[in-house]
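# Structural features, examined
These are the residues of each chain, in order.
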Amino acid sequence: MHREDYDIVIIGGGLAGLCTALHLQRHHIRILLIEKHPYPKHKVCGEYVSNEVLPYLNDLGIDPHVHGAVPISRFEISTREGETIESDLPLGGFGISRYSLDKLLFDALDSQIDVIFDTAVSIKYLNDEFIIDTQSKKHYKSRFVVGSYGKRSLLDKRLGRDFINKRTHWMAVKAHYDFDFPEDRVALHNFEGGYCGLSKTETGAVNACYLTTLRSFNKADGIEDFQRTVMSRNKKLQNFFKHARPLFEKPLSISQISFAKKSVIHNHIFMLGDSAGLIHPLCGNGMAIAIHSAKIFSELYLSEIHIKGANRQLLESAYEAVWKKTFSGRLITGARIQRLLLNDTASVFTYKAISRFPSILPYVIRKTHGTLMV
Ligand SMILES: Cc1cc2nc3c(=O)[nH]c(=O)nc-3n(C[C@H](O)[C@H](O)[C@H](O)COP(=O)(O)OP(=O)(O)OC[C@H]3O[C@@H](n4cnc5c(N)ncnc54)[C@H](O)[C@@H]3O)c2cc1C
């Protein structure tokens, strides 16, 4: 039986929402998690997770390596033609499918957390409390709301968030393949209008996930043709798509991906993960940021509200300040790198510079990544 009055309602059970619930469980806080889809489920994602999150995941009782996550310590980047440069990854990471990772976190929730599988369709703030309505016509009351519903949702439109009306020309495609690929590696292969990440997951499958502009994609006649023609001008991708055996019936795809600046607090809702801002996927760091934002919110909530009984405004200012200090610089650097790599002239110059001075690569990687979350 679900209680209808909560201290916190978390909207969206991806990495940010699940980690918030895991962090706050056992503190006698009444929490409801609303998630659209039952677990497990594949998601469009590169599935390379930076090691910076490992100590925190371990604190939450999660060890991805026990569940087969593949340690990754090398990075390979190729030009549009397939000329490659390799480097060590300063902190390293691991490969695990979102199918497994999200389910792993979900399974670790205890009975303190109420979970419903439903879609939140409206969030109203009135007289210092929220009313949340769902698609199945349920209504929940809470003192705080965490918005962890990802990159884009109908909720953003209903909430009148600015970024939702800006046009975006990005789409992404992902599928798993059977292919002989080094376990310790994440590769980023460039092509006209985008880039494709390859890395292994816990099942031994290779995850291929690419981001591209619609302008480039529309030159081809659908996904297969795009992979065979535009992407395969890169000899590394040509080899991959020629020999890899698809393990999905058909690839997953998403469009309308926005990298626009977003509000961290909107109408008193605490935005976490992609709902607060999406880093360019080539940084391989969006999952770490989502997990880290859960830690920031949860620690502040526990110290300010749960222990000190401070007011809402103090928590909002503190969360916004720490979020900006921790992530703004990384998001800006990510945007600059993406602009550089996708610009015809600048990318040639950049590759030449990196080949001559390979130590630039780990330096740039460090600029978009955090340190170990302890
Ligand atoms: C092409 C691409 C490749 C990427 N590759 C990588 C990578 O290799 N490494 C990396 O670290 N990051 C990568 N990222 C980024 C990463 O996927 C995200 O940053 C991360 O998933 C954010 O987690 P989240 O919890 O904020 O959102 P999500 O994981 O998207 O979770 C949001 C959840 O909210 C639910 N939801 C949505 N709307 C509602 C609603 N109205 N009511 C209830 N539930 C709702 C959804 O079903 C979903 O489960 C990539 C992103 C893209 C686009």
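Below is a short write-up of the structure. This one's a predicted model, so the numbers in the text were calculated from it and none came from an experiment.

### Points about the overall build of the protein
Broken down by element type, the protein carries eleven helices and 17 strands. For a compact globule of 374 residues, the expected C-alpha radius of gyration is about 21 Å, and the protein comes in at 21 Å, within 12% of that figure. Along the first, second and third principal axes, the C-alpha atoms of the protein reach 60 × 40 × 35 Å. Taking all 374 residues of the protein together, the buried fraction comes to 56%. Long-range contacts, defined here as pairs at least 24 residues apart, represent 72% of the contacts in the protein between residues at least 6 apart.

### Concerning the nonpolar core
Counting residues in each nonpolar core, the largest one holds 98 residues, and the members touching the most others are Ile 8, Ile 11, Ile 123, Ile 132, Phe 297, Tyr 301 and Tyr 319. In terms of residues, this core owes the most to one element, helix H8 (residues 286-307), which gives twelve residues. Discounting chain neighbours no more than four positions away, the residues touching Tyr 319 are Val 264, Ile 265, Phe 270, Met 271, Leu 272, Ser 293, Ile 296, Phe 297 and Leu 300. Core analysis: the second largest hydrophobic core is formed by 23 residues, Ala 175, Tyr 210, Met 231 and Ala 244 among them.

### What about the packing of helix H1 (residues 15-24) against helix H3 (residues 98-107)?
Relative to each other, H1 and H3 sit at 25°, their axes nearing to 9 Å. Taken together, the axes of H1 and H3 are roughly parallel relative to one another. When the axes of H1 and H3 are compared, the crossing they make is left-handed. Mapping the contact onto sequence places Leu 15, Leu 18, Cys 19 and Leu 22 in H1 and Arg 98, Leu 101, Asp 102, Leu 105 and Phe 106 in H3. A breakdown of the residues in the contact of H1 with H3 according to their chemical character gives seven nonpolar, no polar and two charged.

### A few points about the site of the ligand
Surveying the vicinity of the ligand reveals 34 residues, the closest of which are Glu 35, Gly 46, Tyr 48, Arg 98 and Asp 274. Here Lys 43 contributes a side-chain N or O atom positioned 3.1 Å from an oxygen atom of the ligand. Contact with the protein chains hides 94% of the accessible area of the ligand, taken as 1,000 Å² for the molecule alone. Mapped onto the shell around the ligand, the elements with two or more residues apiece are H1, strand E2 (31-35) and H8. Counting residues per element, the shell around the ligand draws most heavily on H8, which supplies three residues. A breakdown of the residues in the shell around the ligand according to their chemical character gives 14 nonpolar, 13 polar and seven charged.

Calculation criteria
Residues numbered from 1 in each chain as written. Predicted model: local features only at pLDDT ≥ 70, side-chain atom pairs only at ≥ 80, totals over all residues. Heavy atoms only, no water. Helix = DSSP H or I, 4+ residues; strand = E, 2+ residues; numbered from the N terminus. Rg over C-alpha atoms; globule rule 2.2 N^0.38 Å. Buried < 20%, exposed > 50% of the residue type's maximum accessible area, 1.4 Å probe, protein only. Contact = heavy atoms within 4.5 Å. Core = buried A, V, L, I, M, F, W, Y, C linked by side-chain atoms within 4.5 Å. Axes fitted to C-alpha atoms, helices over the stretch in contact; angles between N-to-C directions. Parallel < 35°, antiparallel > 145°, perpendicular 65-115°, else oblique. Left-handed = near helix turned anticlockwise from the far one by under 90°. Nonpolar A, V, L, I, M, F, W, Y, C, P; charged D, E, K, R; others polar. Near = heavy atom within 4 Å. Polar contact = N/O pair within 3.5 Å; in protein donor to acceptor, adjacent residues only side chain to side chain. Areas by Shrake-Rupley, 256 points an atom, 1.4 Å probe, with all protein chains shown as cover.

Nothing here speaks to function; it is all geometry.
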